[in-house]
Amino acid sequence: MPNPTALTPYPVTITKIVDETSDVKTFTVEFDDPEIMENFGNKPGQVCMLSIFGEGESTISITSAPTRGKFLEFTVKRVGRLTEVLHQMEVGQKFGVRGPYGNWFPYETMKGKDLFFVGGGFALAPIRSLIDFALSDQYRKDYGRVEILYGSRSYDDLCFKSDLFERWPSLSNTGIYTTVDRGDDNWKGRVGHVPGYVEEVAPSPENKFAIIAGPPIMIKFALPVMEKLGFKDEQIITTLEMRMKCCLGKCGRCNIGSKFVCVDGPVFSRAQLKGMPQEY
Amino acid sequence: MEARIVNKGQLPELLDKLAKDYDLIAPVKEETLTFFRKISCAKDAFLEYTNSDISPKGCFLPQSEKTFSYTYTGDSLEIVKPEGAKKTVLFGARPCDTRAITTLDPVFEGVKFGDEYYSSKRENTVIIGLSCTKVLSTCFCYAFGGGPCDGTGSDLLFTEIGDKYYVEVNTDKGKALVDTYSQIFSSQGADQLAKGKEELAQKLSGEFVRKVDLTGVKEVLDGNFELPYWNGDDYKKCIGCGTCTYVCPTCHCFDIFDYTTGDFTGDRIRCWDSCMYPEYTLMAGGHNPRPTRKERVRNRFMHKLKYHLDRYDMVGCVGCGRCVRKCPVNIDITKIINDLKEVAQNA
Amino acid sequence: MDVMQQLREQAKKLLEEKKVDMVIGFGQGTELARTTPVFIDSPEGVSALTWGPFCANNLAKYLVDYKNAEGNVAVVVKGCDARSVIRLLDDNQISRDKVVVIGVPCAGQLEWQKVMDEIKPDASLKETTDNGDSFLVKTSAGDYTFSKKDYMLHRCLVCENPNPVISDITIGKELPVKNYEERFAEVQELEKLGTEDKSAYWDKQFSRCLRCYACRNVCSVCTCQICVFDQMKPMWVSKRTNLSENTVFHITRAFHVAGRCVDCGECDRVCPMDIPLRKLNQKIHKDLGDLFDSPTPGSKPGMLSALGEFCPGDPEEFM
């Protein structure tokens, strides 16, 4: 039954804020009306429209897996007017959320397989929902080895540090590979770009899905590496970003060819992307 | 399908009654232009027009509308929606424009997400179409399956034949209106005028000047995104204004923004936007998937001739010709269609 | 040899000799009485060039697109368009050595809709001839005469100078310059109105505005990389059309181009809502003349802009 009230946001209250980096924060929010969370039904990979009243709306991925609890986590980078205002908000304050929108990672198809995540910079956020989904108590047994290869410009720019260095390594059958473009005194680990690290780690494509998200430049170099390693187009999954206003497939602007990123995406396989115009 | 007759002399009486019982939207002359506006009496209507300068799609997707008002203090939030649409009659829309509304329906009332604002107006509006009596040199509705006397999208279709209007009752909504004003809509002799309408449709269909043929066009656009054709003159001469999109009856792109005067209250507004503007797809970090006019011009025509068809099984153009008339630099979709047909034939 | 022939020959020569990589001119449009800008980049393509009383567009604005292109560009200009070229050069929008100006003295341009109302719509154009106070238009469906008084563009009725004041290659003979006095007649009519009536007049015009920005985009002196009205931070105007924002747009734009507007009248022609935009700019032109004794911007090569320079003799010490 189509939801005709899709343009109206629901009030949420901020319950926690984590400063990931100097310009990235993760907001944990709960709906003022708990029934909405009960029926929300968000799946890993979906997005929401956040309403900052007076500034407008912005499309943000839900970075928390639905298995984590009765809340939503949004990781937001401060890039424009709206995110600037959001970054100044405090725990206890409210804003609006509507969703969940878009398609989701094909987590059913991925069952029984190993998962290799490749993330760059801020873009670990959209795939984190799938990472936590696969690592959740509920679904851990459905997935094989979960590896996360993640890099950012510097140590300070690494998001989700507590997940990377504490929570995820403590879970069974995981492998975490972290790198930074530029080393400094805070960082004792590997220095180098993400695509190069992928080549080094050389994951085998056998029984595996690769889930990649990052800035366009990283994707541009990472995809050929995956191909060289033998990953087929159907095995490579990515999530795209576009300017969005309605997130309902109506306002027209997020189209790539005949597809709307807000409805037919943002999750696409490389096979699907190859059949679409290269206009994103 | 039922039919009725309205004597031309009784039309003002009908319009006056409709204006009293409904919000009546009809063509109105303003200096050199014709617009669809709310009228309060029959004499304000201008029915000797060919086609309006802006399509009546504004009855369903207004240039700007409030989606809700809010009161927001940071710690508290209240949202108030506007009232639903009032009972409305849209009178005098041409067949191309009523057909255009049917191309907007799948966009707004689509599978997963409805649209309360559009649906409320759609449900509460009776569309009374008015067949054309003249074909302009810029008209080409026939190319998309329409015609000057086509009733697609109208609840009632009026066709002027002699001193009467032949009225086709196309939907239950139309029937309900006809029954309410049964003293003006008479069924006597209605069937005899059907032939007159056929003859008019035949006559007008011979008057089209533009020869537009879509054969092979969709096929050449499928899977041929980087067609060299788009490197031609069209993007060079396009000045990137929004004229074509704003006068178009099938364009539906919109923007959403908040309007506030800084006192904790404000309105969220939805308004028309245009894919021809550079900032239409500009992302916050500065990346723009359609950075130059070439990408935007290509996107516009591919949307009309392919993408809309892919998604909704209907072509995204109805051949009203407004963009052809209004484009400052004479970018002409009929020429582009015929050029693409040639590309298809030479392939 | 007639103008069209000469035009094609000269364009061909420029391209063959590689003096330019592109010739921007007029080509036959999709209505008999319309032309469309054409961008010719090969000598064989010059047959697309045309000339006549249906060449209303000001092509000078396109020069801005080729400012950073590798080669040179030639552009066909009429009297009014040539002023745009001078302004673009003075605004450093393109360097002089990149541009070849093909100047064609213009006997007037006709309103295509008015012409098409009289002509059989599927006729094809054969020839046009200037007969002084009318144009003779020969078509496949017969010959038609259009009096300039009744069919010309409004702006051509008070044409300041039909002869391009900047021209590397002039095609066609020089034409007499018209009487200057009627030029501000409409502005004077409006000036006579009281404040309330003036306000009501402009409210009525601006309330029709779609904010399509055709007027801004076609204007040869509106060359800002990011227009103030497209800015998001801060958002001076939204995309909503209402009287307040429409008025802000038009009045602001008139002032932004004041002192540089060359009165080519394109803004007026392209407006899909028939808003008489030129009257706004003409008021400023009239004031420039009255207050600063300044001729129309762009009307003399090398002239300085009245609002853009300070002379020691100016009455105020500061601009």
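Quick caveat: nothing in here was measured; it's all calculated off a predicted structure.

### Considering the overall build of chain A
- Each helix and strand in chain A was counted, giving seven helices and 15 strands.
- A compact globule built from 280 residues would reach a C-alpha radius of gyration of about 19 Å, and chain A, at 18 Å, matches this within 12%.
- Here the C-alpha coordinates of chain A stretch approximately 50 × 45 × 35 Å along the principal axes.
- Across the 280 residues of chain A, 51% fall into the buried class.
- Contacts in chain A between residues far apart in sequence, at least 24 positions, make up 71% of those at least 6 positions apart.

### Side note on the overall build of chain C
- In terms of regular secondary structure, chain C is built from 10 helices and eight strands.
- The C-alpha atoms of chain C give a radius of gyration of 20 Å, which matches the 20 Å a tight globule of 319 residues would have.
- Principal axes of the C-alpha set define a box for chain C whose edges measure 55 × 45 × 40 Å.
- Of all 319 residues assigned to chain C, the portion counted as buried reaches 44%.
- Sequence-distant contacts, at least 24 apart, represent 69% of the contacts inside chain C between residues at least 6 apart.

### Observations regarding the nonpolar core
- Counting 156 residues, the largest nonpolar core has Cys262 of chain A, Leu24, Phe91 and Val167 of chain B together with Ala214 and Cys215 of chain C as the members making the most contacts within it.
- In this view, phenylalanine 91 of chain B contacts Leu15, Leu18, Leu24, Ile25, Ala26 and Ile128 of chain B; residues no more than four positions away in its chain are not counted.
- Core analysis: the next-biggest nonpolar cluster, separate from the first, contains 56 residues, Ile24, Ile40, Val73 and Phe146 of chain C among them.

### Section: the interface of chain B and chain A
- On the side of chain A, 36 residues touch chain B, which itself brings 46 residues to the contact.
- The set of elements that each furnish at least two residues to the side of chain B that touches chain A consists of strand E4 (64-72), strand E5 (77-80), helix H2 (95-108), helix H3 (116-123), strand E10 (254-260) and helix H9 (293-312) of chain B.
- In terms of residue count, E10 of chain B provides more of the side of chain B that touches chain A than any other element does, six residues in total.
- Broken down by class, the residue content of the side of chain B that touches chain A amounts to 21 nonpolar, 12 polar and 13 charged.

### Quick look at the domain arrangement of chain A
- Domains assigned within chain A are domain 1 (10-101) and domain 2 (114-239).
- Listed as interface residues are 15 residues of domain 1 of chain A and, on the opposing side, 16 residues of domain 2 of chain A.

### Some remarks on unusual backbone geometry
- Glycine 99 of chain A connects to proline 100 of chain A through a cis peptide bond whose omega is -10 degrees.
- Cis geometry is found at the peptide bond from glycine 265 of chain A to proline 266 of chain A, where omega equals 10 degrees.
- Locating proline 266 of chain A in the fold gives a position in the loop between strand E14 (259-260) and strand E15 (267-269).
- Phi angles above zero are rare outside glycine, and lysine 18 of chain C is one such case at about 60 degrees.
- Considering the arrangement of structural elements, one finds lysine 18 of chain C in the loop between helix H1 (3-16) and strand E1 (22-28).
- Unusually for a residue other than glycine, aspartate 263 of chain C sits at a positive phi of about 60 degrees.
- Relative to the assigned elements, aspartate 263 of chain C resides in the loop between helix H8 (243-256) and helix H9 (266-270).

### What about the domain arrangement of chain C?
Residue and element names in this part refer to chain C.
- When its domains are assigned, chain C resolves into domain 1 (3-170) and domain 2 (181-292).
- One C-alpha centre belongs to domain 1, the other to domain 2, and the line joining them spans 25 Å.
- Facing the 17 residues of domain 1 at the interface are 15 residues of domain 2.
- Along the lines of polarity and charge, the residues of the side of domain 1 that touches domain 2 split into seven nonpolar, three polar and seven charged.

### Observations regarding the sheet that holds E15 of chain A
Residue and element names in this part refer to chain A.
- Strand order in this open sheet of seven strands is E10-E9-E8-E7-E11-E12-E15, and the pairing throughout is mixed. With one partner strand each, in any of the chains shown, strand E10 (190-191) and E15 form the two edges of the open sheet.
- The pairing of strand E7 (residues 114-120) with strand E11 (residues 208-213) spans six bridges and is parallel. Paired with phenylalanine 117 across the bridge in E11 is isoleucine 211.
- Those strands touched by helix H5 (residues 194-201) are E7, strand E8 (146-152), strand E9 (174-180) and E10, and its axis lies near 150 degrees from that of E8.

### Side note on H2 of chain B
Residue and element names in this part refer to chain B.
- Here H2 is 14 residues long and its end C-alpha atoms lie 21 Å apart, about the 20 Å a rise of 1.5 Å per residue gives.
- If you check which residues of H2 are buried, you get Pro95, Cys96, Asp97, Thr98, Arg99, Ala100, Ile101, Thr103, Leu104, Val107 and Phe108.
- On its buried side, H2 packs onto strand E6 (88-93), H3, strand E7 (125-130) and H9.

### A look at the pairing of strand E2 (residues 23-30) of chain B
Residue and element names in this part refer to chain B.
- Relative to E6, E2 is paired through three bridges, and the arrangement is parallel. Following the sheet pairing, isoleucine 25 is matched in E6 by leucine 90.
- When E2 meets strand E3 (residues 33-39), the two strands line up antiparallel, connected through seven bridges. Residue pairing in the sheet places glutamate 30 in a bridge with leucine 33 of E3.
- Hairpin geometry of E2 and E3 is characterised by an intervening segment of two residues between the two adjacent antiparallel strands and by a positive phi of about 55 degrees at glutamate 31.

### A short note on helix H10 (residues 278-292) of chain C
Residue and element names in this part refer to chain C.
- With 15 residues, H10 should cover 21 Å at 1.5 Å per step; its first-to-last C-alpha distance of 20 Å lies within 8% of that length.
- Burial in H10 covers these residues: Arg278, Leu280, Asn281, Gln282, His285 and Leu288.
- Buried residues along H10 sit in contact with helix H5 (185-192), H8 and H9.
- Positive backbone phi, at 60 degrees, marks aspartate 293, one or two positions downstream of H10.

### Focus on the environment of serine 64 of chain A
Residue and element names in this part refer to chain A.
- Within the secondary structure, serine 64 is located in the loop between strand E4 (56-61) and strand E5 (72-77).
- We classify serine 64 as buried; it has 23 C-beta atoms within 10 Å.
- For the pair formed by serine 64 and phenylalanine 133, sequence separation is 69 residues and the distance between their alpha carbons is 8.4 Å.
- If we ignore the near neighbours within four places in the chain, the residues touching serine 64 are Phe71, Leu72, Glu73, Ser129 and Asp132.

### Here we look at the sheet that holds E2 of chain B
Residues and elements named next belong to chain B.
- Taken together, the seven strands give an open sheet; going across it, the order is E1-E9-E8-E7-E6-E2-E3, and neighbouring strands pair in mixed fashion. Since the sheet does not close on itself, it has two edges, and those belong to strand E1 (2-7) and E3, each with one partner. Averaged over all pairs of adjacent strands, the angle between their axes in this sheet comes to 25 degrees, without regard to strand direction.
- Relative to E7, E6 runs parallel, the two sharing five bridges. From the neighbouring strand, phenylalanine 91 faces E7, where its bridge partner is isoleucine 128.
- The strands that H2 touches are E6 and E7; relative to E7, the one it contacts most, it runs at about 145 degrees.

### Some thoughts on the packing of H5 of chain A against helix H6 (residues 216-228) of chain A
Residue and element names in this part refer to chain A.
- Where H5 meets H6, the axes come as close as 8 Å, and the angle between the chain directions of the two elements is 15 degrees. With respect to H6, the element H5 is oriented roughly parallel. In terms of crossing hand, the pair formed by H5 and H6 is right-handed. In contact with Val194, Pro195, Val198 and Glu199 of H5, H6 contributes Met218, Phe221, Ala222 and Val225.
- When its residues are assigned to classes, the contact of H5 with H6 shows seven nonpolar, no polar and one charged.

### Things to note about the pairing of E4 of chain A
All names here are of chain A.
- Of all six residues making up E4, six are buried, and the element is well covered by its neighbours.
- In E4, alternate side chains face the same way, and those of Gly56, Ser58 and Ile60 on one face and Glu57, Thr59 and Ser61 on the other are all buried.
- Sheet topology places strand E3 (residues 47-52) next to E4; six bridges connect them, and they run antiparallel. Along E4, the bridge assignment pairs serine 51 with glutamate 57.
- The antiparallel pairing of E3 with E4 creates a hairpin that spans three residues between the two strands, and glycine 54 there sits at a positive phi of about 105 degrees.

Reading guide: rules and limits
Residues numbered from 1 in each chain as written. Chains lettered and ligands numbered in written order. Predicted model: local features only at pLDDT ≥ 70, side-chain atom pairs only at ≥ 80, totals over all residues. Helix = DSSP H or I, 4+ residues; strand = E, 2+ residues; numbered from the N terminus. Rg over C-alpha atoms; globule rule 2.2 N^0.38 Å. Buried ≥ 20, exposed ≤ 12 C-beta atoms within 10 Å, placed from the backbone. Contact = placed C-beta atoms within 7 Å. Core = buried A, V, L, I, M, F, W, Y, C linked by C-beta atoms within 7 Å. Nonpolar A, V, L, I, M, F, W, Y, C, P; charged D, E, K, R; others polar. Domains from an automatic or database assignment. Pairing = 2+ DSSP bridges. Axes fitted to C-alpha atoms, helices over the stretch in contact; angles between N-to-C directions. Expected span 1.5 Å × (residues − 1). Parallel < 35°, antiparallel > 145°, perpendicular 65-115°, else oblique. Left-handed = near helix turned anticlockwise from the far one by under 90°.

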